Amino acid sequence: MKVAIIGQGYVGLTISAFAGEFFDVVGFDNNQRIVDQLNSGISHIEGVESSLLQSWIKVGRYQASMKGEDIADAEIVVIAVPTPLSLDRKPDLTFIDAACKTIGENIKSSVLVINESTSFPGTIRNYIKPAIEKYSEGKFEHLYAISPERVDPGRGDFNQRNTPRLYAGLTPEASARTRDFYSKFCDKLIEVSSPEVAEAAKLFENTFRQVNIALVNEFAQIANALGISVYETLDAADTKPYGFMKFTPSAGVGGHCIPVDPSYLAAVAEEHGVPATFIRRANEVNLEMSKYIVNRVVADHRGDLQGKSVLVVGVAYKPNVADVRETAAELVIEHFRSQGAVVSWHDEVVGNWKGESSAPLHGADITVVVTKHDSVDEKKILASAPYVFDTTGKVNGAKGL
Ligand SMILES: NC(=O)c1ccc[n+]([C@@H]2O[C@H](COP(=O)([O-])OP(=O)(O)OC[C@H]3O[C@@H](n4cnc5c(N)ncnc54)[C@H](O)[C@@H]3O)[C@@H](O)[C@H]2O)c1
């Protein structure tokens with residue numbers, strides 16, 4: 001059976017790698033560089049081994065493509081394209097629309113279309129289905145389902161196989177075929193009563209993380225004002241065996257999910273007349289953390305950072321990945337620069353970012369740790385400047401939240 005996966009990024013390539021064991025996979029992407037790289041057997045995503053990709057390519061089980069005709073005879077099409085926010089922080093479904101166009105214009109028979117991209121409840125029913133029908137001029141009656149992706153790139157303990165997967169089809173047949181597809185490479189499948197429940201569950205999962213991170217970020221500020229350790233207090237609270245889940249403070253949230261998905265939920269809530277004030281405020285608290293951190297460093301330097309060299313350690317949005325989307329480091333750097341500091345950054349996992357390269361880990365006046373990759377030596381961080389401020393809680397001996 002041939003499966004077309006539209007979008008070969010974090011989600012799409014990860015699915016391709018697992019599906020390659022059971023299906024002929026066409027990884028469709030509109031980025032020529034990614035397609036060429038994948039066809040030469042090189043993975044650009046942490047957690048997807050190039051050797052695995054090469055093994056599927058060798059036996060003809062995987063091919064990346066930009067050509068619509070290569071997906072024409074697929075029997076299942078999975079959508080895994082970005083769902084960002086527009087400039088006014090509203091859901092932006094233009095990538096989904098483009099994927100629907102690709103499907104509508106190229107698929108030559110009735111297929112099962114599964115959406116894995118994160119979006120608001122009603123996306124598969126009211127947006128994707130009508131869009132594909134429009135682009136295919138109603139030629140085929142496709143089946144439609146949603147199975148939101150829960151992959152956490154860079155994570156070793158949970159993967160496609162052992163992460164329970166939610167799903168729901170628009171029809172019982174769509175649900176049954178979706179179950180058949182994922183059951184090949186996922187051990188636990190949970191059917192919910194409607195696609196809207198699956199879509200909403202995904203948004204709520206990430207909103208839960210967003211508001212708890214905001215809460216602990218606010219608490220870090222309270223603990224500092226009270227002169228107590230936020231980490232010791234959290235560890236103390238975490239001794240309660242029930243009713244408490246530990247989150248740790250940080251410079252803010254990043255990636256494609258936590259800073260974005262809650263705004264999808266807020267937007268749909270507001271459209272239905274429910275003011276999502278709590279979700280909106282949590283987003284603001286997380287965004288304000290970067291300023292709070294810079295203000296703490298400024299206060300420790302008698303209010304003046306003019307001309308000081310600041311080295312930001314870790315610009316990826318989380319440890320051990322090269323992903324810089326929505327990274328809190330960006331705001332931290334911006335605020336330091338607005339204080340007149342001369343800012344560089346060190347992150348050899350990221351390497352190059354925004355036209356700048358990773359700087360050496362030494363010789364700064366001030367070092368601020370935003371993300372601590374496992375590969376970065378704690379002692380080297382401490383030796384990199386006379387003043388080191390750690391926002392991760394992982395560098396013993398540094399100042400911190
Ligand atoms: N990254 C995560 O950890 C994660 C986890 C769960 C869910 N999601 C969701 O999954 C979706 C995809 O996210 P991602 O992280 O894989 O994004 P990504 O940016 O890593 O990958 C998306 C890929 O889609 C390609 N693309 C864009 N438009 C296209 C089109 N019209 N046709 C073909 N290819 C196209 C891009 O070139 C890119 O390679 C989003 O909705 C995201 O919210 C992401």
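Predicted model only: the values in this text are computed from it and were never measured.

**Some words on the overall build of the protein**
Point 1. A tally of helices and strands in the protein yields 12 helices and 15 strands.
Point 2. Compactness check: the protein gives a C-alpha radius of gyration of 23 Å against a globular reference of 21 Å for 401 residues, within 12% of the reference.
Point 3. Projecting the C-alpha coordinates of the protein onto the three principal axes gives extents of approximately 70 × 50 × 40 Å.
Point 4. Long-range pairs, those at least 24 residues apart, make up 68% of the contacts in the protein with a sequence separation of at least 6.
Point 5. Total accessible area on the protein stands at roughly 18300 Å², and carbon and sulfur atoms take up 53% of it.
Point 6. Charge separation in the protein, taken as the distance between the mean sites of 40 positive and 51 negative side-chain charges, equals 2 Å.

**Overview of the site of the ligand**
Point 1. Neighbouring the ligand are 27 residues, the closest being Tyr-10, Val-11, Asp-29, Thr-83 and Thr-118.
Point 2. One of the backbone nitrogen or oxygen atoms of Tyr-10 is found 3.0 Å away from an oxygen atom of the ligand.
Point 3. Out of a free accessible area of 830 Å², the ligand has 92% covered by protein chains.
Point 4. Taken together, the elements giving at least two residues each to the shell around the ligand come down to helix 1 (10-19) and helix 4 (94-106).
Point 5. Residue contributions to the shell around the ligand peak at 3 residues, all from helix 4.
Point 6. Classifying every residue of the shell around the ligand by side-chain character gives 14 nonpolar, 9 polar and 4 charged.

**Re the pairing of strand 13 (residues 366-369)**
Point 1. Alternating positions in strand 13 separate into two faces, Ile-366 and Val-368 on one and Thr-367 and Val-369 on the other, with burial throughout.
Point 2. The pairing of strand 9 (residues 309-313) with strand 13 spans 4 bridges and is classified as parallel. In the sheet register, Leu-311 faces strand 13, and the bridge partner there is Thr-367.
Point 3. Looking at chain direction, strand 13 and strand 14 (residues 387-390) are connected through 4 bridges and run parallel. Residue pairing for strand 14: Ile-366 is matched across the bridge by Tyr-387.
Point 4. Crossover connection from strand 13 via helix 12 (residues 378-383) to parallel strand 14: handedness right-handed.

**Some words on the packing of helix 7 (residues 195-226) against helix 9 (residues 261-271)**
Point 1. Relative orientation of the contacting elements helix 7 and helix 9 amounts to 115°, with a least axis distance of 8 Å. It follows that helix 7 is roughly perpendicular to helix 9 by the angle criterion. Our pair here, helix 7 against helix 9, has a crossing hand that is left-handed. Between helix 7 and helix 9, the residues in contact are Lys-202, Leu-203, Phe-204, Asn-206, Thr-207 and Gln-210 and Asp-261, Pro-262, Tyr-264 and Leu-265, respectively.

**Overview of the packing of helix 7 against helix 10 (residues 277-300)**
Point 1. Contact pair helix 7 / helix 10: the axes reach a minimum separation of 9 Å and the direction vectors enclose 40°. By the angle between their directions, the pair helix 7 and helix 10 is classed as oblique. Pair helix 7 / helix 10 crosses with left-handed handedness. Counted together, Thr-207, Gln-210, Val-211, Ile-213, Ala-214, Asn-217, Glu-218, Ala-220, Gln-221 and Asn-224 of helix 7 and Phe-278, Ile-279, Ala-282, Asn-283, Val-285, Asn-286, Met-289, Tyr-292 and Arg-296 of helix 10 form the full contact between these two elements.

**Side note on the side chain of Asn-212**
Point 1. Relative to the helices and strands, Asn-212 is located in helix 7.
Point 2. Overall, Asn-212 belongs to the buried group, its relative accessible area being 19%.

**As for helix 9**
Point 1. Of all 11 residues that make up helix 9, 9 are buried, and the element is covered over most of its length.
Point 2. Among the residues of helix 9, Asp-261, Pro-262, Ser-263, Tyr-264, Leu-265, Ala-266, Ala-267, Val-268 and Ala-269 are the ones counted as buried.
Point 3. The inward-facing, buried residues of helix 9 contact helix 7 and helix 10.
Point 4. Just beyond helix 9, the residue with positive phi is Gly-273, at close to 80°.

**Some remarks on the pattern of salt bridges**
Point 1. Scanning the model with the defined rule gives 19 salt bridges in all.
Point 2. Of the charged contacts in the structure, one is a salt bridge between Glu-149 and Arg-165, with a shortest N-O distance of 2.8 Å. Separated by 16 residues along the polypeptide, Glu-149 in the loop between strand 6 (143-146) and strand 7 (165-169) and Arg-165 in strand 7 bring together distant segments of the chain.
Point 3. A residue is classified by how much of its surface remains accessible, and Glu-149, at 6% relative accessible area, is buried.
Point 4. Three or more residues joined by partner-sharing salt bridges are found here, namely Glu-116, Glu-149 and Arg-165.

**A look at the sheet that holds strand 7**
Point 1. Taking strand neighbours across the sheet as the criterion, the 8 strands line up as 3-2-1-4-5-6-7-8 in an open arrangement whose pairing is mixed. Looking at strand neighbours, the two that pair on one side only are strand 3 (62-65) and strand 8 (189-191), the edges of this open sheet. Strand-to-strand, the axes of this sheet are offset by a mean angle of 25°, without reference to chain direction.
Point 2. Relative to strand 5 (residues 112-115), strand 4 (residues 76-79) runs parallel, the two sharing 4 bridges. What sits directly across from Val-77, in strand 5, is Val-113.

**Some remarks on a nonpolar patch on the surface**
Point 1. Side chains of Phe-204, Phe-208 and Met-245 sit close together on the surface and give an oily, nonpolar patch of about 320 Å² of accessible area.
Point 2. For Phe-208, the location among the structural elements is in helix 7.
Point 3. By relative accessible area, which is 34% here, Phe-208 ends up partly exposed.

**Observations concerning helix 10**
What sets the pattern is the α-helix's 3.6 residues per turn: residues three or four places apart point alike.
Point 1. Between its first and last C-alpha, helix 10 extends 34 Å over 24 residues, near the 34 Å set by a 1.5 Å rise per residue.
Point 2. Maximum bend of helix 10: about 30°, positioned at Met-289.
Point 3. Trailing helix 10 by a residue or two, Arg-302 shows a phi angle of about 50°, which is positive.

Scoring rules and cut-offs
- Residues numbered from 1 in each chain as written.
- Predicted model: local features only at pLDDT ≥ 70, side-chain atom pairs only at ≥ 80, totals over all residues.
- Heavy atoms only, no water.
- Helix = DSSP H or I, 4+ residues; strand = E, 2+ residues; numbered from the N terminus.
- Rg over C-alpha atoms; globule rule 2.2 N^0.38 Å.
- Contact = heavy atoms within 4.5 Å.
- Areas by Shrake-Rupley, 256 points an atom, 1.4 Å probe, with all protein chains shown as cover.
- Lys, Arg positive; Asp, Glu negative; His and termini not counted.
- Charge placed at Lys NZ, Arg CZ, Asp CG, Glu CD.
- Near = heavy atom within 4 Å.
- Polar contact = N/O pair within 3.5 Å; in protein donor to acceptor, adjacent residues only side chain to side chain.
- Nonpolar A, V, L, I, M, F, W, Y, C, P; charged D, E, K, R; others polar.
- Buried < 20%, exposed > 50% of the residue type's maximum accessible area, 1.4 Å probe, protein only.
- Pairing = 2+ DSSP bridges.
- Right-handed = clockwise from strand over helix to strand, strands pointing away.
- Axes fitted to C-alpha atoms, helices over the stretch in contact; angles between N-to-C directions.
- Parallel < 35°, antiparallel > 145°, perpendicular 65-115°, else oblique.
- Left-handed = near helix turned anticlockwise from the far one by under 90°.
- Salt bridge = Lys/Arg side-chain N within 4 Å of Asp/Glu carboxyl O.
- Patch = residues over 30% accessible without salt bridge, like charges linked within 9 Å, V, L, I, M, F, W, Y side chains within 5 Å.
- Expected span 1.5 Å × (residues − 1).
- Bend = angle between axes of the 7 residues up to and from the residue.

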